[in-house]
Amino acid sequence: MTNKTSILSGRRTKSLVERIMNIIFLVCGLASVVSVVFMTVYMVVSGGAIIAETGVFRFLLGHVWNPGGSEFGILPMILSSVLATLGAVLIALPVGVLIAVFLAKLSPGKLATAMRAFIDLLAGIPSVIYGLLGALLLVPAIFKLQAAAGLPNSGSLLAAIVILVIMILPTIISVSETAIRSVPKQYEEAALALGSTRLQAIFKVTVPAAKSGIVAGMVLGTGRAIGEAMAVMMVSGNAAIMPELLRPVRLLTAAIPIEWAYSSGLHRQALYGIGLVLFVFIMVINLLLRQVMKKGGAQDE
Amino acid sequence: MKKTFSLILAAVLVAISVAGCGTKSGNTTPTPSSAPTDASTPTPTAANLSGGVKTGGSTSVEKVMTALIYQFQADNREVTVDYEMNGSGDGIKNTISGLYELGHSSRELKSDGSEDGLTATAYAIDGIAVVVHKDNSIATLTAAQLRGIYTGEITNWKEVGGSDALITVVTREEGSGTRSAFSELIGFKEAEILTSATVQDSTGAVQTTVSQNPNAIGYISFSDADTSKVNTVPYEGVAVSEAALKDGSYKLKREFYLLTKTGSTLSPAAQAFFDFVLSAEGQKIVSEKGLLPIR
C-alpha cells in the first residue's frame with residue numbers, strides 16, 4: 001500500500017483553488033454592489049435634471065401635471081401612491097396577522113399545509129393577472145358606489161387599494177408566520193400554565209413577542225405596494241389629480257410607463273425624476289427594515 | 001462516474017444553447033417561408049437591392065407599416081427594413097438627426113420651426129372613431145359637444161341627448177399621436193382635457209375600458225375600432241365608415257406620413273421602400289388594413 005492518502009497531499013493546489021475561488025466569490029459579491037451604486041448614480045443624475053430645472057419644491061409640491069405646458073408637479077401622484085400604500089397596508093396587516101396566527105397556531109396540520117400552498121401561489125401570480133381581474137371584475141363592482149356618490153364610473157383609488165391588499169397579503173402572512181413560529185413554545189406554555197386561555201396566550205404573549213418580525217413583514221409589504229406598477233395602472237384610471245377614494249388616481253409607478261413611449265426632452269426627464277422619487281421611497285423603506293431587523297435582533301438577545 | 005456524467009451533461013447543455021442561438025438568429029433575419037407571387041421572377045431593381053433601412057416613429061402606423069415591411073422584404077430578400085416604434089415625436093427627431101432614413105409620423109409637422117428640414121409624404125388616411133359602450137345608442141355628437149365633454153363643460157349624457165348618467169371621459173396619454181390629432185381636429189388644447197379623465201396608454205386599453213363602462217366615451221383609430229365590443233358614434237351626423245372617409249364626409253381623420261430629410265437622396269433600398277409604399281401594391285395593403293389610401 002503505497003497510495004497513502006493524507007490531508008496534506010496536494011496542499012499547494014488546494015490553497016491555490018481556495019484563493020481563486022475567493023476571488024471569484026468576491027467578484028460575484030461586488031457585482032451586486034456595483035449595480036446598486038451604478039443605479040443610484042444613474043437615477044440621481046438623470047432624475048436630478050428635472051429638479052434642477054424646475055426646483056425641488058415646484059416638482060415635489062406642484063399640483064399640476066401638464067407636460068405639454070411644461071408643468072411638472074407630482075404632488076398628486078406622491079399623495080396617491082402614499083394613500084394607496086397606506087390604505088393597503090392598514091387593511092392587509094390585521095388580516096395577514098390573523099391568517100398567520102391561524103396557520104402557525106390554530107389550524108390542523110393538513111389544512112395549514114394546503115393553505116400555505118395557496119398563499120405561496122398567490123405570491124407568484126404575475127401582477128398583470130391581478131390587474132386584468134381587477135379591471136374586469138373589481139372596477140365595474142365599484143361603479144355602483146361611484147354612482148351613489150354622484151361621481152362618474154371609472155377606475156379609482158379604492159380599486160388600487162383592494163388590488164394591493166391582495167398582492168401584499170402573501171408577504172405579510174409568510175413573514176409574520178415565520179416570526180410567530182420562532183417564538184419559543186415555553187412562553188405560550190407558561191401563559192397557559194398561569195391559567196390563560198389559548199387565545200389569550202397567543203395574542204397577549206406570542207404575537208407581542210413576534211412583534212419585530214411582524215413589523216418587518218409590514219415594511220416588506222409596504223415596499224411591494226409602493227413599487228407595484230402594472231396592476232394598479234390597469235385599475236386606477238390614471239388621472240393625475242389629487243386623490244379621492246372613488247375618483248381615478250395616478251400612482252408614481254404608473255406615471256412612468258404610461259407616458260414613457262411618447263415622451264421626450266423635459267417630459268422624459270420629469271419621468272426620470274419620478275423614478276428618482278420612487279427610488280428614494282424604496283431606499284427609506286429599506287433603511288427602515290434594517291432598523292427594525294436590528295432592533296428585533298437586539299430584543300432576542 | 002458522476003464527473004463524466006456531469007461533463008456530458010454540460011456538453012449537451014452547451015450544444016443545446018448554441019443550437020438555440022442559431023435558430024434564434026435565423027428567425028430574426030426576415031425570410032418569409034411562403035414565396036410571394038413575383039419572387040420567382042424578380043424585377044431587375046429588386047435583385048440588386050441589399051442592405052438595411054432604419055426607420056422608426058409613430059406607433060399608430062404599426063399595423064399597416066408592419067404589413068408593408070413584410071411584403072417589401074418578401075419581394076426584396078436582401079433588404080431589411082427596421083421599424084422602431086417609439087412615437088411620432090421620436091420619429092421626427094430621429095429623422096432630423098439622421099438616425100432614421102425614413103421616419104413615421106401620424107401627425108403633421110409643426111410649423112413653429114422646431115421640425116424644419118423634413119418632408120412629410122402622406123400615404124394613408126386614418127379615421128378617428130369616437131366610441132361608446134355597446135348599450136349607448138347616442139345618435140350623433142358634434143365637434144362642440146365633444147369639446148364640451150372633453151373639457152369638462154358637459155358632464156351628463158342627457159345634455160347631449162342621451163340617458164341621465166354621468167359621462168366617464170377616457171383619453172390617451174400625454175404625447176400620443178391620436179390624442180393630439182383628436183384635440184386638434186375637435187378644436188381644443190390638450191392642456192384643456194378634463195384632468196379627472198381616465199387615461200389609457202394604448203388603443204386597446206381605451207377600447208377595453210369603454211367596452212366595460214356603460215357611461216364611458218373614448219376615441220381610437222378607425223382601423224382598430226371593433227364594433228363587436230363598442231359602438232362608434234357618428235360625428236356631425238356622419239357615421240364613420242370607409243366610404244365616408246373616402247368621400248371626405250367624415251371629418252374626424254388624420255394622415256399617416258413617411259418622413260424624409262428635405263433635399264437629401266435616399267439610399268437605393270430606402271428609395272425602393274418609399275416607392276413601394278406609394279405604389280399600387282403598397283396602397284392595396286394600406287386599404288386592406290382599414291385605412292384610406294392616398295393615391
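This is a predicted model, so every value here is computed, not measured. (Residues numbered from 1 in each chain as written. Chains lettered and ligands numbered in written order. Predicted model: local features only at pLDDT ≥ 70, side-chain atom pairs only at ≥ 80, totals over all residues. Heavy atoms only, no water.)

Caption draft 1: Quick look at the overall build of chain A. Along chain A, the regular secondary structure elements total 12 helices and two strands. For chain A, the sequential pattern of α-helices and β-strands runs α-α-β-β-α-α-α-α-α-α-α-α-α-α. Scaling as 2.2 N^0.38, a compact globule of 301 residues should have a C-alpha radius of gyration of about 19 Å, whereas chain A reaches 25 Å, well beyond that. Sorting the 301 residues of chain A into buried and exposed places 42% on the buried side. (Helix = DSSP H or I, 4+ residues; strand = E, 2+ residues; numbered from the N terminus. Rg over C-alpha atoms; globule rule 2.2 N^0.38 Å. Buried < 20%, exposed > 50% of the residue type's maximum accessible area, 1.4 Å probe, protein only.)

Caption draft 2: Broad picture of the overall build of chain B. Summing up its helical and strand segments, chain B has 10 helices and 10 strands in all. Evaluated residue by residue, chain B yields a buried proportion of 48% over its 295 residues. For chain B, the share of sequence-separated contacts (at least 6 apart) that also reach a separation of at least 24 residues comes to 73%. Summed over all atoms, the accessible surface of chain B reaches about 13700 Å², with 55% contributed by carbon and sulfur. (Contact = heavy atoms within 4.5 Å. Areas by Shrake-Rupley, 256 points an atom, 1.4 Å probe, with all protein chains shown as cover.)

Caption draft 3: Broad picture of the pattern of salt bridges. Residue and element names in this part refer to chain A. All chains considered together, the criterion is met by 15 salt bridges over all chains. Between Glu 177 and Arg 181 there is a salt bridge; the shortest N-O distance is 2.9 Å. With a gap of four residues between them, Glu 177 and Arg 181 both fall in helix α6 (residues 157-181), about one helical turn apart. Given the relative accessible area of 45%, Arg 181 is considered partly exposed. (Salt bridge = Lys/Arg side-chain N within 4 Å of Asp/Glu carboxyl O.)

Caption draft 4: Broad picture of the nonpolar core. By size, the foremost hydrophobic cluster in this structure holds 42 residues, and its most contacted members are B:Leu141, B:Phe182 and B:Ile217. Taken together, the elements giving at least two residues each to this core come down to β4 (118-133), α5 (143-151), β5 (168-172), α6 (177-186), α7 (203-212), β7 (216-221), β8 (230-233) and α8 (242-246) of chain B. When near neighbours in sequence (up to four residues on either side) are disregarded, B:Phe182 contacts B:Ile128, B:Val130, B:Leu146, B:Tyr150, B:Phe188, B:Tyr219 and B:Leu252. Grouped together as the second largest cluster of nonpolar side chains are 32 residues, A:Ala112, A:Leu157, A:Ile161 and A:Ala225 included. (Core = buried A, V, L, I, M, F, W, Y, C linked by side-chain atoms within 4.5 Å.)

Caption draft 5: Looking closely at the environment of A:Lys105. All names here are of chain A. Mapped onto the secondary structure, Lys 105 falls in helix α3 (residues 75-106). Remark: the alpha-carbon pair of Lys 105 and Thr 206, spanning 101 residues in sequence, is separated by 9.8 Å. Contacts of Lys 105, omitting those with residues within four sequence positions, involve Ile 180, Glu 188, Arg 198, Ile 202 and Thr 206. Here Glu 188 takes part through its side chain, which lies 3.0 Å from a polar atom of the side chain of Lys 105. (Polar contact = N/O pair within 3.5 Å; in protein donor to acceptor, adjacent residues only side chain to side chain.)

Caption draft 6: Summary view of the packing of aromatic side chains. The full count for this structure, using the stated rule, is 12 aromatic pairs over all chains. Summarising the aromatic geometry, the rings of A:Trp65 and A:Phe72 are spaced 5.7 Å apart at their centres and angled 70° between planes, so their arrangement reads as edge-to-face. Given a relative accessible area of 4%, A:Phe72 falls into the buried group. On the basis of an interplanar angle of 80° and a centroid distance of 6.2 Å, the ring pair of B:Phe182 and B:Phe188 is categorised as edge-to-face. With relative accessibility at 1%, the residue B:Phe182 sits in the buried group. Chaining the aromatic ring pairs together yields one cluster made of A:Phe38, A:Tyr42, A:Trp260 and A:Tyr272. (Phe/Tyr/Trp six-rings, centres within 6.5 Å; stacked < 30°, edge-to-face > 60°.)

Caption draft 7: How the structure looks around the domain arrangement of chain A. All names here are of chain A. Per the domain assignment, the segments of chain A are domain 1 (2-54) and domain 2 (59-300). One C-alpha centre belongs to domain 1, the other to domain 2; they are set 33 Å apart. Contacts between the two partners involve 13 residues from domain 1 and, on the opposite side, 11 residues from domain 2. Counting the surface lost from both domain 1 and domain 2, the interface buries some 1000 Å², and carbon and sulfur atoms represent 81% of this. Across the contact surface, domain 1 and domain 2 share zero salt bridges. If you look at where domain 1 meets domain 2, you find one residue pair in polar contact (both at pLDDT 80 or more). In terms of residue class, the side of domain 1 that touches domain 2 is built from seven nonpolar, five polar and one charged. (Domains from an automatic or database assignment. Buried area = accessible area lost by both parts, 1.4 Å probe. Nonpolar A, V, L, I, M, F, W, Y, C, P; charged D, E, K, R; others polar.)

Caption draft 8: Geometry of α5(B). Residue and element names in this part refer to chain B. Along α5, the residues classified as buried are Ala 143, Leu 146, Gly 148, Ile 149, Tyr 150 and Thr 151. Looking at the packing, one finds that the buried side of α5 touches β4, β5, α6 and β7. Just downstream of α5 lies Gly 152, where phi reads positive at about 90°.

Caption draft 9: Structural view of the domain arrangement of chain B. All names here are of chain B. Partitioning chain B into domains gives domain 1 (51-125 + 254-293) and domain 2 (127-253). A separation of 27 Å is found between the C-alpha centroids of domain 1 and domain 2. Carbon and sulfur atoms supply 52% of the area that domain 1 and domain 2 bury against each other, a total of about 1000 Å² over both sides. On inspection of domain 1 and its partner domain 2, the count reaches one salt bridge. Among the ionic pairs, Asp 224 bridges to Lys 63, the shortest N-O distance being 2.9 Å.

Caption draft 10: Molecular detail of the interface of chain A and chain B. Each partner contributes to the interface: chain A provides 29 residues, whereas chain B provides 28 residues. Between chain A and chain B, roughly 2000 Å² of surface is buried when both sides are summed, and carbon and sulfur atoms account for 51% of that area. By the criterion of area lost to chain B, the three top residues of chain A are A:Asn153, A:Ile258 and A:Tyr262, representing 33% of everything that side buries. Scanning the region where chain A abuts chain B turns up zero salt bridges.

Caption draft 11: Layout of the packing of α3(A) against helix α8 (residues 198-209) of chain A. Residue and element names in this part refer to chain A. Put simply, α3 and α8 touch, their axes get as near as 12 Å, and they point 115° apart. Regarding the angle of α3 to α8, the classification is roughly perpendicular. Our pair here, α3 against α8, has a crossing hand that is right-handed. Contact residues: α3 offers Leu 98, Val 101, Lys 105 and Leu 106, while α8 offers Arg 198, Leu 199, Ile 202, Phe 203, Thr 206 and Val 207. Split by residue class, the contact of α3 with α8 holds seven nonpolar, one polar and two charged. (Axes fitted to C-alpha atoms, helices over the stretch in contact; angles between N-to-C directions. Parallel < 35°, antiparallel > 145°, perpendicular 65-115°, else oblique. Left-handed = near helix turned anticlockwise from the far one by under 90°.)

Caption draft 12: Spatial organisation of the confidence of the model for chain B. Residue and element names in this part refer to chain B. Scored by pLDDT, chain B has a mean of 82; 84% of the residues are at 70 or more. This model gives residues 12-46 a pLDDT under 50, and the stretch forms 14 contacts once residues within four places in sequence are excluded. Reported confidences for the modelled complex are a pTM of 0.76 and an ipTM of 0.82. (pLDDT = per-residue confidence, 0-100.)

Caption draft 13: Here's a closer look at the layout of surface pockets. Estimated volume of the largest pocket: approximately 1100 Å³. In terms of lining residues, the largest pocket is bounded by 42 residues, among which B:Arg107, B:Lys110, B:Glu115, B:Ser180 and B:Glu190 are the most central. Of all the secondary structure elements, the ones that give two or more residues to the lining of the largest pocket are α12 (266-300) of chain A together with α4 (88-96), α6 and β9 (253-261) of chain B. If you tally residues by element for the lining of the largest pocket, the top one is α6(B), at six residues. Of the residues in the lining of the largest pocket, the class split is 13 nonpolar, 16 polar and 13 charged. (1 Å grid on protein atoms, 1.4 Å probe; cavity = no way out; pocket = protein on both sides within 12 Å on 5 of 7 lines; lining within 4 Å. Points joined across faces, edges and corners; volume = space filled by probe spheres on them.)

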